[in-house]
Amino acid sequence: MAEKASGGVQSVERVFELLELITDAGGDVTLSELSSSTELPLPTIHRLLRTLVSLGYVRQLPSRRYALGPRLIRLGEGANKQLGALAQPELKTLVDSLGETANMAVLDSDMVIYVAQVPSPHSMRMFTEVGRRAHMHDTGVGKAILAQLEDEQVRAIVGRQGMPTPTTYSIGDVETLLADLDKIRARGYAIDEQEQEVGVRCFSMAVPDAPTPTAISVSGPVSRVDESFGERAVPALRAAAERISAELNRT
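Residues numbered from 1 in each chain as written. Predicted model: local features only at pLDDT ≥ 70, side-chain atom pairs only at ≥ 80, totals over all residues. Heavy atoms only, no water.

Undergrad: Requested: an account of the overall build of the chain, with residues and values cited.
TA: The helix and strand inventory of the chain stands at eight helices and nine strands. In terms of overall dimensions, the chain has C-alpha extents of about 60 × 40 × 30 Å along its principal axes. Residues counted as buried form 45% of the 251 residues belonging to the chain. Only carbon and sulfur atoms are counted for the fraction: they give 53% of the accessible area of the chain, which is about 12800 Å². Counting 26 positive and 33 negative side-chain charges, the chain places the averaged centre of each group 6 Å from the other. (Helix = DSSP H or I, 4+ residues; strand = E, 2+ residues; numbered from the N terminus. Buried < 20%, exposed > 50% of the residue type's maximum accessible area, 1.4 Å probe, protein only. Areas by Shrake-Rupley, 256 points an atom, 1.4 Å probe, with all protein chains shown as cover. Lys, Arg positive; Asp, Glu negative; His and termini not counted. Charge placed at Lys NZ, Arg CZ, Asp CG, Glu CD.)

Here it is as structure tokens:
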């Protein structure tokens, strides 16, 4: 672990380290699991957890495991709104150049949540409500994010959330999903091939170096979103993702 700052800043860093460890563990964890994942002394972990529990940012389950608390929801919703607002100009640029609906989504408790959208000007278009949560294995943004993770992390996520198949094109088993993720890693972008909704195709790309796993996409009917569309969409998505990444990491 890197050397921490002194005084109050050190306590803040330790609190966020614990919250991130609980998040990385899937949302709940035992005291011993936390202790094995950090160099913090056990009494310090216990003291910080007690404080977080009393404030509602962590809750202790009947099983004695520690889980993320409900007060984090409001903070997360506020952060997602700000992230969506930051990305909105880039999504509009995608719609202006490609003519199809553009979205941004982030990883949230083993699912993706859509945080921004600019709709296509076409009357027949793909529409996803901002704030909607979706499984990761059957969405373009979800697969783009999963491709950034290790296979064991992917297995853990789909193990916890399941793999429903809303269409006959949806991937329903983890080995097929992992094979698809290998292809995504090799080419640098994901395709939702009518896996979420029949008649809708989506090209998606992860935002590099985002503080939380994030992806953007362009979606539309298969009659318009075809191979030639993909040839235009992929470089446009890459440029937008890089600009969003630069803005997110701007100091």
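Having seen the model, we can carry on.
Undergrad: I'd like a rundown of the packing of aromatic side chains, residues and numbers included.
TA: Enumeration over the complete set of coordinates arrives at two aromatic pairs. With 6.2 Å between their ring centres and 40° between their planes, Tyr-189 and Phe-203 make a pair best called tilted. Placement of Tyr-189 in the loop between α7 (174-187) and β7 (190-193) and of Phe-203 in strand β8 (residues 200-206) is noted, with a sequence separation of 14 residues between them. For the pair Tyr-189 and Phe-203, one class covers both residues: buried. Its relative accessible area of 6% is what places Phe-203 among the buried residues. Counting every residue linked through ring pairs, the aromatic cluster contains Tyr-189, Phe-203 and Phe-229. (Phe/Tyr/Trp six-rings, centres within 6.5 Å; stacked < 30°, edge-to-face > 60°.)

Undergrad: Before we move on, can you summarise the sheet that holds strand β9 (residues 214-221) with the specific residues and values?
TA: If you walk across this open sheet you meet the six strands as β6-β5-β4-β9-β8-β7, and the pairing is antiparallel. Whereas interior strands pair on both sides, the edge strands pair on one side only; in this sheet they are β6 (133-134) and β7. Bridging between β7 and β8 involves four bridges; their strand directions are antiparallel. If you follow Asp-192 over to β8, its bridge partner there is Cys-202. (Pairing = 2+ DSSP bridges.)

Undergrad: Which residues make up the environment of Arg-64, and what values do they have?
TA: Of note, Arg-64 is situated in the loop between β2 (58-60) and β3 (66-68). Distance in space between the C-alpha atoms of Arg-64 and Asp-28 is 10.0 Å, their sequence separation being 36 residues.

Undergrad: Lay out the packing of helix α6 (residues 151-161) against α7 with the relevant residues and their values.
TA: At a minimum axis separation of 11 Å, α6 and α7 run at an interaxial angle of 135°. Taken together, the axes of α6 and α7 are oblique relative to one another. Relative to α7, the crossing made by α6 is right-handed. In this structure, α6 uses Asp-151, Val-154, Arg-155 and Val-158 to contact α7, whose residues at the interface are Val-174, Glu-175, Leu-177, Leu-178, Leu-181 and Arg-185. (Axes fitted to C-alpha atoms, helices over the stretch in contact; angles between N-to-C directions. Parallel < 35°, antiparallel > 145°, perpendicular 65-115°, else oblique. Left-handed = near helix turned anticlockwise from the far one by under 90°. Contact = heavy atoms within 4.5 Å.)

Undergrad: Give me helix α3 (residues 42-55): which residues, what numbers.
TA: For α3, spanning 14 residues, the distance from its first C-alpha to its last is 20 Å, which sits close to the expected 20 Å at 1.5 Å a residue. All buried positions along α3 are accounted for by Thr-44, Ile-45, Leu-48, Leu-49 and Leu-52. The buried residues of α3 all sit within an arc of 130° when viewed along its axis, so they share a single face. Those residues of α3 that are exposed and aimed more than 90 degrees away from the buried face are Pro-43 and Ser-54. Note on α3: the residue one or two positions beyond its end, Gly-56, has a positive phi of about 90°. (Expected span 1.5 Å × (residues − 1). Arc of directions from axis to C-beta.)

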